[in-house]
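Observations on the three-dimensional arrangement
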Amino acid sequence: MGKHKKQERKEKSKVKLKAKKLPKGQNITDTSFKVKKIVIREQLQAPNTDDLLSRRKLNIKELLTHLQHHNMSFRMDGLNGLKEIVTYHKDEVLKLHLPQLVEGVSRLVLDQEKDVRRNALKLLQSLLSSVSVLQIQPLLDVLQSYMACAMTHIKPSIQDDSLLLLDILLESCPLLIAAHANKIFPNFLDMISKLRSESKVGRTLTVDLGKKVTSVRWRIKVLSRLNGLLKAIMADKMKKAGASEEEISKSVPWTKHIPLYNTGFIKLCPLPRILQKTSAVTSADVDEGQAMKTHIRLLMPLLFETWLEIAPRQEDREANILPEESAVLLHCILKIVQLSWECLNYYEAETRIKNLTPWFRSQCEQDLQRYILPGFPYTLADTPSTPLAKKLKLQQKQELELLLQNRSPVGPKCIQQNLAVCYLICCVHDGSDSTMCQLVTKYIKRCVSSWELADDPALPDLEQTLRQLLLKSTQLWWHECAVVLECIVSVHRRSSNNLAQLLFSVLCDVVLEPSLQYHHRCTKFRDWLGSLPNILCDAAVSLKTVQTMARLACQNNQLFLENLHRKATSIISNLNNIRITGSTNPLEGQKLIVNILFWASMQNAVCYQLLKQIVEKGQWAKELSQHVQNNKALGECLFSCT
């Protein structure tokens, strides 16, 4: 209690201040303040009715801003809105906003979210497939830059989607991509290999087991796209060489013989290009040749190492039996080697540098013999016939087709792979090893004799291999060529499908090549050549067949003309009734037949008089009769001169 009283005394002894009372009215809060509105000038503007808007009333500029938002939902909304506008106003959008759209959408190829990347690629495909190559050309640097960043990205899924972007570009503008192939090619090497060391140029394969797909499947995806890039380069080389659009579309690896009297010569080989060509080798040619040589030197060892990792062991009994993935990978590897060889050939034809194909032979021949040829011919492995095994097999096949984007079908007999091996051996081997030559020609002969499907996807590969063997192989292959040639003639006579047309085309090119006269020693081939005029007595004949015979007549092929003389009367009688297939104008083929008969009438007066009598009787159409009279006037002029 004592302490409490002392505390009270201290409080009372303190000096107390007198509190002042506020005047009346100043102790009240004044609520009579005013609020001024915040005005944004853009909001005062009336919405432009000319802007293209999405369903959410957003224009293209706003949607492109959404593509850069940190939130995934905003980026997806931006893509969906752009997709709506492009779908309903495609022409106007592509005309006014194409550069902004391509740059904004291409950036999302590097997005961390898979759904955003895939939707961006779909929109980009829709944009590029709707414009011309001239419109894509100014935007190619942007597209290529983002693709290069994606191909070298640290995240495997982004690298995977970069291949889809390459598919889009190869489909939309393959020749433009081919022109920039030197910038893209190193990225392919980085996706499957790494440098051995900083001081050495060589590379070694990389294996990353952390990926969702196996190393085999990953290499199939990369090499199949590299195959597409090489096809684009090949098409670019063929276009520069003056090839026709039909040849480029089919990716034909050989140059067809074009005589000077062909009316399409000016179209296929423009005169200004001939005048501009000089005999001097420019520095650009040398640089391009060195770049191709460097790329091939780096690539070829990687390809054969890739095959060596999955190839069956040579001491195994079933060394030639491959699982489906191995067969697909072998197909990709062989096609890349084949396209590299063809690109070098076209480059040498374009320039005067002739040292690349011999170098390629020296680099590639031993590797083919050591790694590929021991298991030749290859077959596809069979799977158990249980229901569960069939289900798993179907599932694996569907996954593989999805993986390859339906690029490389593999048959049970691996015909495409085996024909590719034959083609490459014919290219790089000089024929000095008779055992190897017989092994190749034996398979080709068996393949032609036992061909089953008329529309087999391997038909172009068969034609390509036959042309390389019969038209371009060295003299040491001649004996084997004669064996294959007899087989072709026999099969052609008993076939009536696409295979027969293919074989007929090959035989005609053999006949028309002046340097292949040694083939005429083959008895069956001579019999076939003598039977060609009989075709003109049939009810129908293809325009290509008639054109081939016209070229034979122009070349003054004696064996053909002798048999033509014997059949001239029957051919003239059948001229009114014969049907020319593959021609929009029936008279075009009949005029060619008249030209063929004119060459026969030059040495056979009876044939010439028969032509003259039929024209005088007026049995043919007026246009065809006039054509015959023109030939008759030319013939009389020639006879008078002689």
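Each chain has its residues counted from 1, following the order in which its sequence is written. pLDDT decides what is reported in this predicted model: residues at 70 or higher carry local features, side-chain atom pairs at 80 or more are listed and counted, and totals for whole chains, interfaces and linings draw on all residues regardless. Note that the side-chain values use all heavy atoms of the structure and ignore hydrogens as well as water.

**Thoughts on the overall build of the protein**
Put simply, DSSP marks the helices as runs of H or I at least four residues long and the strands as runs of E at least two long, and each gets a number from the N terminus on. The number of helices and strands found in the protein is 31 helices and six strands. Throughout this description, buried means an accessible area under 20% of the type-specific maximum (1.4 Å probe, protein chains only), exposed means over 50%, and partly exposed covers the range between. Across the 642 residues in the protein, those meeting the buried criterion constitute 45%. Contact between two residues is taken to exist if any of their heavy atoms lie within 4.5 Å; hydrogens are not considered. Contacts in the protein between residues at least 24 apart in sequence constitute 73% of all its contacts with a sequence separation of at least 6. Every accessible area reported is derived by Shrake-Rupley at a probe size of 1.4 Å, with residue values counting cover from the shown protein chains alone. With an accessible surface of roughly 36,400 Å², the protein has 53% of that area assigned to carbon and sulfur atoms.

**Side note on unusual backbone geometry**
Of the consecutive residues F376 and P377, the connecting peptide bond is found in the cis state with omega at -5°. In this structure, P377 sits in the loop between α19 (356–372) and β4 (379–380). Even without a glycine there, the phi angle at K57 is positive, about 60°. With respect to the element layout, K57 can be found in the loop between α2 (41–44) and α3 (60–66). One non-glycine residue, C414, adopts positive backbone phi at about 55°.

**Brief notes about the packing of helix α22 (residues 434–449) against helix α23 (residues 459–472)**
Axis lines are fitted to C-alpha atoms, over the contacting stretch for helices. Their N-to-C directions set the angle, which ranges from 0 to 180 degrees. Two elements in contact, α22 and α23, have axes separated by 12 Å at closest approach and are oriented at 135°. The angle between α22 and α23 falls in the class oblique. In this structure, the crossing between α22 and α23 has a hand that is left-handed. Facing T441, I444 and V448 of α22, the residues of α23 in contact are L462, T465, L466 and L469. Under the scheme applied here, ten amino acids are nonpolar (Ala, Val, Leu, Ile, Met, Phe, Trp, Tyr, Cys and Pro), four are charged (Asp, Glu, Lys and Arg), and all others, including Gly, are polar. Per-class residue counts for the contact of α22 with α23 are five nonpolar, two polar and no charged. Should an angle lie under 35 degrees it is considered roughly parallel, over 145 roughly antiparallel, and from 65 to 115 roughly perpendicular; all remaining angles are considered oblique. Handedness of each helix crossing follows the sense of rotation of the near helix against the far helix: counterclockwise by less than a right angle gives left-handed, clockwise gives right-handed.

**With respect to the nonpolar core**
Formed by 176 residues in total, the largest nonpolar core has its most connected members in F360, L466 and W528. Per element, the largest residue contribution to this core is 15 residues, and it comes from helix α18 (residues 324–350). Those residues in contact with F360 that sit more than four places away from it in its chain are I296, M300, V337, S340, W341, L344 and V428. Residues belong to a common nonpolar core when they are buried Ala, Val, Leu, Ile, Met, Phe, Trp, Tyr or Cys residues joined through side-chain atoms within 4.5 Å.

**Here we look at the confidence of the model for the protein**
When pLDDT drops low, the exact placement of atoms in the prediction is not to be read closely. Of all residues in the protein, 75% have pLDDT values of 70 or greater, and the mean over the chain is 78. Every residue in residues 252–280 is under pLDDT 50, and counting partners more than four places away or in other chains gives 38 contacts. The predictor rates its confidence in each residue with pLDDT, a number between 0 and 100. Low confidence marks residues 388–392, where pLDDT is under 50. Its contacts with residues over four positions away, or in another chain, come to three contacts.

**Section: the packing of aromatic side chains**
To pair, rings of Phe, Tyr and Trp, with the six-membered ring standing in for Trp, must have centres within 6.5 Å; the planes then decide the type, stacked if under 30 degrees apart, edge-to-face if over 60, and tilted in the middle. Enumeration according to the criterion identifies six aromatic pairs in this entry. With a centroid separation of 5.9 Å and 90° between ring planes, the pair formed by W307 and Y378 is classed as edge-to-face. Pair noted here: W307 is in helix α17 (residues 283–310) and Y378 is in the loop between α19 and β4, with a separation of 71 residues, a long-range link. Residue W307 is classed as buried on the basis of its relative accessible area of 1%. For the pair F504 and W528, a centre-to-centre distance of 5.9 Å together with 70° between the ring planes defines the contact as edge-to-face. Within this pair, whereas F504 is found in helix α25 (residues 498–512), its partner W528 is found in helix α26 (residues 523–530), the two being separated by 24 residues in sequence.

**A short note on the packing of α23 against helix α24 (residues 478–494)**
In the contact formed by α23 and α24, the axes pass within 10 Å of each other and the chain directions differ by 130°. By the criterion of interaxial angle, the relationship of α23 to α24 is oblique. Between α23 and α24 the crossing geometry is left-handed. Across the interface between the two elements, L466, L469 and L470 of α23 pack against C481, V484, L485 and I488 of α24. A class-by-class count of the residues in the contact of α23 with α24 yields seven nonpolar, no polar and no charged.

**Section: the pattern of salt bridges**
For this document, the term salt bridge refers to a Lys or Arg side-chain nitrogen within 4 Å of an Asp or Glu carboxyl oxygen. Across all of its chains, the model carries twelve salt bridges by this definition. Ionic pairing is found between D77 and R56, a salt bridge with its closest N-O pair at 3.2 Å. Here D77 is found in helix α4 (residues 72–88), whereas its partner R56 is found in the loop between α2 and α3, with 21 residues between them in sequence. Overall, R56 belongs to the exposed group, its relative accessible area being 59%. K221 is the salt-bridge partner of D160, the closest N and O atoms lying 2.5 Å from each other. A residue pair is termed long-range when its members are at least 10 positions apart, and D160 in helix α10 (residues 156–172) and K221 in helix α13 (residues 215–240) qualify at 61 residues. Taking relative accessible area as the criterion, K221 reaches 9% and is therefore assigned buried. Connected via shared salt-bridge partners are R117, R118 and D161.

**Section: helix α6 (residues 98–106)**
Among the residues making up α6, those that are buried are L98, L101, V102, G104, V105 and S106. Close packing links the buried residues of α6 with α3, α4, α5 (90–96), α7 (114–128), α8 (133–136) and α9 (140–151).

**Considering the environment of H69**
As for its position among the elements, H69 is in the loop between α3 and α4. Beyond its immediate stretch of four places on either side in the chain, H69 contacts F74 and R75. Polar contacts, as used here, are pairs of N or O atoms within 3.5 Å; protein pairs need one atom able to donate a hydrogen and one able to accept it. Residues neighboring in sequence count only if both atoms are side-chain atoms. In terms of polar contacts, H69 uses its side chain to reach the backbone amide nitrogen of N71, at 2.9 Å.

**Section: the environment of E325**
The residue E325 is located in helix α18 in this model. For E325, a relative accessible area of 26% corresponds to the partly exposed category. Between the alpha carbons of E325 and I310 there is a distance of 9.5 Å; along the sequence they are 15 residues apart.

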